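# Architecture at a glance
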Amino acid sequence: MKVRSSVFASFILIFEVIGIALFLRGFFPVPVKSSFSSKSKLSDLPAEPLTGSAPNSSRLPQPLFKRVVIMLVDALREDFVFGPNGRMYMPYTRHVVERGSSHSFVAKARPPTVTMPRIKALTTGSIPGFIDVVMNLNSPALLEDNLIWQAKTAGKRIVFYGDDTWVRLFPKHFMEYDGTTSFFVSDYTEVDNNVTRHLDSTLKRDDWDILILHYLGLDHIGHMSGPYSSLIQPKLMEMDDILKKIHSALISKEVEGSLPYLLVLCGDHGMSETGSHGGSSEPEVSTPLVLISPAFKRKAGMEKPGVVEQVDLTPTLALGLGLPISQNSVGRVIQSVLEETSLRDQLRFLHLNGHQLSCLLKDSISDYEKEVGFEQFRVAEKAHGNWMKLYLEGNTSEVLTNVGKKVLRQYLEALAAMSAALSKQLGKYDMYSMIAGMVFVFQLLLVLLLAMPEALSSAAAVDLPILSALLSLPFYLLCLLLASVHVLVCTSAGSSCYFCSLSWGLVFAAVAFSSAMFCILVSIATRRLPLGAKIHGKSPLRSSEVDWSLSELDVLLLAGTVGHTLSLAASSFVEEEHQTWYFLLNTLCLTVFQDVCRKYFREKRGSGDDEEHILPSKDRHPSAHPKAEIFSEKWLALATPPFTLLCCRLLRSLNQTGVQWAHIPDVGHWLNSSEHKVVLSLLSAFCLVLIYFLVQRRCSWVSKVALALGLLGVYSYRAAVGNVLFPWHHSGRTMSKGTVEARFVYVFILGILFSGTKDLLRSQIITADTKLKSRGLWEIYSGLVLLVSLLFRAHNLPVLCCCLLIQTLMAQFIWKKLHYDAAQTTIMHYWFGQAFFYFQGNSNNIATVDISVGFVGLESYIEAPAIFLTALSTYAGPLLWACHLVCYLSSERVRSPVAVGHGCYCLALLRSVPAAAYIVLVTVLRYHLFIWSVFSPKLLYESMHLLLTAGVCLFFITMEQSPSSSKS
């Protein structure tokens, strides 16, 4: 069965996406959870240890606090409170930390440092999985044991104001609530005012026990302008005033003889140097935790804050309120909070925490008895029983105190060891789904590799033996074998498996597909071997119809692509992957420069046809090309690779990315500072003008006008939000959200896209006009460029400008003049697209995703356009180069009719090899992937790149003319 190369590549990519989706479903670990379906109850608590007699009563110590107020400031970094600027940012809070009755800590959050997983960690004490990053967009109700459920069950009255993620996680738990959306990051004022407006009335009332406030404004400012924005200090001072108001109200309500209050100031996560979050850098995982209560000793001066885990707050609050600790909590009670209680109560609190952790350890680790922490807890529990015996006998000697302190230390060591063991047990992998997905992907990759000679031949078609494979005996035997394996695995699996939960119809389809792919694979392989070629009556050397002699450029492109794939086996290369692409791009420019020198200075050219070959356009008359023009063209071609190198070097300095050097100030930081706003304004205006001249050349006059007005609207939008200035603007003017200006640009974007789509459809359906189709493609491309220029931050406009400039020069003077084929051109586009992904400031870290662009032109949070705009902005580099590849190869069809098919096939191969290699890597290293903030986003990036490539290939198919139209 003959299949076109582009159709074949698209088919492979679509099924690869399905295979990787199955792999991801099994790979992202299920967080450590107890297998008990019920939640913890007071009646289930263990008895107090007592040696030599019947078990003691299961009494709980008296609760430590009557009322708790939790003030959670989203993206509050620890240096905003404890750092050198803490006294300036939050003076009252700093005073309480230094002189008040408080305890201060640096609470370490585990990645992923995004809001919903952090809320789950604070309320359940567990470590959420990285897949919760995706769930963060639409949080379902939290069903596992948690602090909020325990408080509600115990009759505590809970009031909540703030981020509506809490309302979605705990839909029926709050006595009173008012939620605000957390995704509309353009708003940093009303989102906090909606919380504060309830404070005065709520603090005067006595009908609540727990008050939770979640402020989002600081996080939104970080997303928009970073941690060094001029908006940061006013927002932190606002938060400081609110804390002062709450503290004063609690003091005024304090009644002598009653239980004290507890005021908690904390952050769910920090903020990176670029203002985002999600990764594992120190500013992202370090958050302040300030506990304020009259139950604590008053401090005499500033003390260095201790370091705790963020999940330690969960058991501390539970025991402080007299509640059971959540079953899945891996936290340990903060011992400083217990210092003012009796030694017996302190030991009892630690015993309850240890018992809960030991139960979770038993349920999570098969050989839990070998764990050091479990053994230490058993020893401490026994010593606790001996101490209780002496205590109940009325022993009041100093020996009793010393023994009690020793037991206390033993408990603390045991809690630390058990908590660490549970934290390392990040989750349980669904190995069956992972292996099934990996088998699918590798079968498809091998078929793609074996079909390469045919796909890149002059016919650009692949002969797939589908019918013979489906009618062969091995196919049916494989179906039976795989079905038997599936039944065996699913009936003997000790844990839940996603693949086993699928319906038998889907399972049979997967089994039949895998069996058929294996038979096709064997058939193609035998055809490629010398013996198979002789059986089919063909010479193995001629069957491919392709001359496989490799040039120096071919060797570089092949070695670079394979070398990049191999580099993914090292975590440091994944963290700093941009360095690999920068090196490969520089080497590519030098190799191209060598080819240019060889063509123009070393080869002997005749004056006839050979000289005509280097002329820039076929549309012009030969007499219109004097020697001077050919001479200038030669030097422009010679200058293109060095100019590309210069652009790449400048773009590297624009945005620091990766992990190790991301904190170093770069040109982008310099441009975004308020002192250099005039420079940024001039640079933005120059880039927008240059973008217009580079893009408008192939558009209709209507699209040219729309493009000019749209780019003017882009500058107006950036001026409205305060990034750049118009000459008549003054520095003290008020900023807006730029909604009107952004929507003004959207109108022109839609107009250009409509005009291009209309021309494209006319060329495909009504008339086979090549020029009309080419103009339609370039107009769609120009509409995409206008959209990207709107979404890019002002300091990133040079990235877009250099991208277009390099594309223009390479297409005009390199790819055409040096006669690079479709495969070589495709690989170059792929390399440039990957490099520009990092030039934008992206990395294999979710913290570099700029979610603020998802709300350009929106008044409120709308999920679909927000996700689309964010994804488009993130992958703008690869997408622009892939779209340029479509436009360029389509315009080259006259010279090479199979260019489109070859380009699609090469693009599919380039994305499939690293994706397949990477899933093998993470399978082998699944127990050693401690850098979740890098490895897991990399998997998501690879799957997104596959989806992007599949979309481009499907667009390739629409660009290929049918045989009938091509003949005409």
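Residues numbered from 1 in each chain as written. Predicted model: local features only at pLDDT ≥ 70, side-chain atom pairs only at ≥ 80, totals over all residues. Heavy atoms only, no water.

## Comments concerning the overall build of the protein
Regarding its fold elements, the protein presents 41 helices and 12 strands. Counting every position in the protein, which comprises 968 residues, the buried fraction comes to 57%. In the protein, once contacts between residues fewer than 6 apart in sequence are set aside, the share between residues at least 24 apart is 78%. Surface summary for the protein: the accessible area is close to 40,800 Å², and the carbon and sulfur share equals 63%. (Helix = DSSP H or I, 4+ residues; strand = E, 2+ residues; numbered from the N terminus. Buried < 20%, exposed > 50% of the residue type's maximum accessible area, 1.4 Å probe, protein only. Contact = heavy atoms within 4.5 Å. Areas by Shrake-Rupley, 256 points an atom, 1.4 Å probe, with all protein chains shown as cover.)

## Comments concerning the pattern of salt bridges
Taken as a whole, this structure holds 20 salt bridges when the rule is applied. Salt-bridge contacts for Arg197 lead to Asp178; the nearest nitrogen and oxygen are separated by 2.8 Å. Note that Arg197 is positioned in the loop between α9 (190-196) and α10 (199-204) and Asp178 in strand β6 (residues 176-180), a separation of 19 residues in sequence. A residue is classified by how much of its surface remains accessible, and Arg197, at 54% relative accessible area, is exposed. Through salt bridges with shared partners, a single ionic network connects Arg67, Asp206 and Lys253. (Salt bridge = Lys/Arg side-chain N within 4 Å of Asp/Glu carboxyl O.)

## Notes on the side chain of Glu144
Looking at the element boundaries, Glu144 is found in the loop between α6 (132-135) and α7 (147-153). We classify Glu144 as buried; its relative accessible area is 13%. Here Asn328 takes part through its side chain, which lies 3.0 Å from a polar atom of the side chain of Glu144. (Polar contact = N/O pair within 3.5 Å; in protein donor to acceptor, adjacent residues only side chain to side chain.)

## Re the packing of aromatic side chains
Evaluated as defined, the whole model comprises 27 aromatic pairs. Each ring, one from Phe65 and one from Phe296, has its centre 6.2 Å from the other, and the planes form 80°; the classification is edge-to-face. Here Phe296 lies in the loop between β9 (286-292) and β10 (306-309) and Phe65 lies in the loop between β2 (30-31) and β3 (67-73), a separation of 231 residues in the sequence. Taking the relative accessible area as the measure of exposure, Phe65 reaches 3% and is therefore buried. On the basis of relative accessible area, Phe296 is assigned to the buried category, the value being 5%. Judged by centre distance (6.1 Å) and plane angle (45°), the rings of Phe377 and Tyr411 are tilted. (Phe/Tyr/Trp six-rings, centres within 6.5 Å; stacked < 30°, edge-to-face > 60°.)

## Overview of the side chain of Glu284
Locating Glu284 in the fold gives a position in helix α13 (residues 282-285). Although Glu284 is buried, it makes no salt bridge; Arg77 carries the closest opposite charge, 8.6 Å away. Those residues in contact with Glu284 that lie beyond four places of it in its chain are Thr113, His269, Gly270, Met271, Ser272, Ser276, His277, Gly278, Gly279 and Ala847. (Lys, Arg positive; Asp, Glu negative; His and termini not counted.)

## Concerning unusual backbone geometry
Here Ala75, not a glycine, exhibits a phi torsion of approximately 70°, which is positive. Position of Ala75 relative to the elements: it lies in the loop between β3 and α2 (79-82). Its relative accessible area of 0% is what places Ala75 among the buried residues. Positive phi, close to 55°, is recorded for His819, a residue that is not glycine. Topologically, His819 is positioned in the loop between α35 (797-815) and α36 (822-839).

## Here we look at the nonpolar core
Membership of the largest hydrophobic core comes to 160 residues, with the highest contact counts inside it found for Phe8, Leu588 and Trp831. The next biggest cluster of nonpolar side chains, apart from the first, holds 69 residues, and it includes Val68, Leu289, Leu352 and Met418. (Core = buried A, V, L, I, M, F, W, Y, C linked by side-chain atoms within 4.5 Å.)

## Details of helix α33 (residues 739-766)
When the terminal C-alpha atoms of α33 are compared, their 39 Å separation across 28 residues agrees well with the 40 Å that a helix rising 1.5 Å per residue should span. The set of residues buried in α33 consists of Thr739, Ala742, Val745, Tyr746, Phe748, Ile749, Ile752, Ser755, Gly756, Asp759, Leu760 and Ser763. (Expected span 1.5 Å × (residues − 1).)

## Regarding the state of the cysteines
If you walk through the whole model with that rule in mind, you get one disulfide. Here Cys490 pairs with Cys500 through a disulfide, and the sulfurs are 2.0 Å apart. Across the S-S bond of Cys490 and Cys500 the torsion is about -90°, and the bridge reads as left-handed. A residue pair is termed long-range when its members are at least 10 positions apart, and Cys490 in helix α21 (residues 473-492) and Cys500 in helix α22 (residues 498-501) qualify at 10 residues. The exposure class assigned to Cys490 is partly exposed, which follows from its relative accessible area of 26%. Relative accessible area serves as the criterion here: at 24%, Cys500 is assigned to the partly exposed category. This cysteine, Cys803, is not joined by any disulfide, and Cys802 carries the nearest cysteine sulfur, 8.9 Å off. (Disulfide = S-S within 2.5 Å.)

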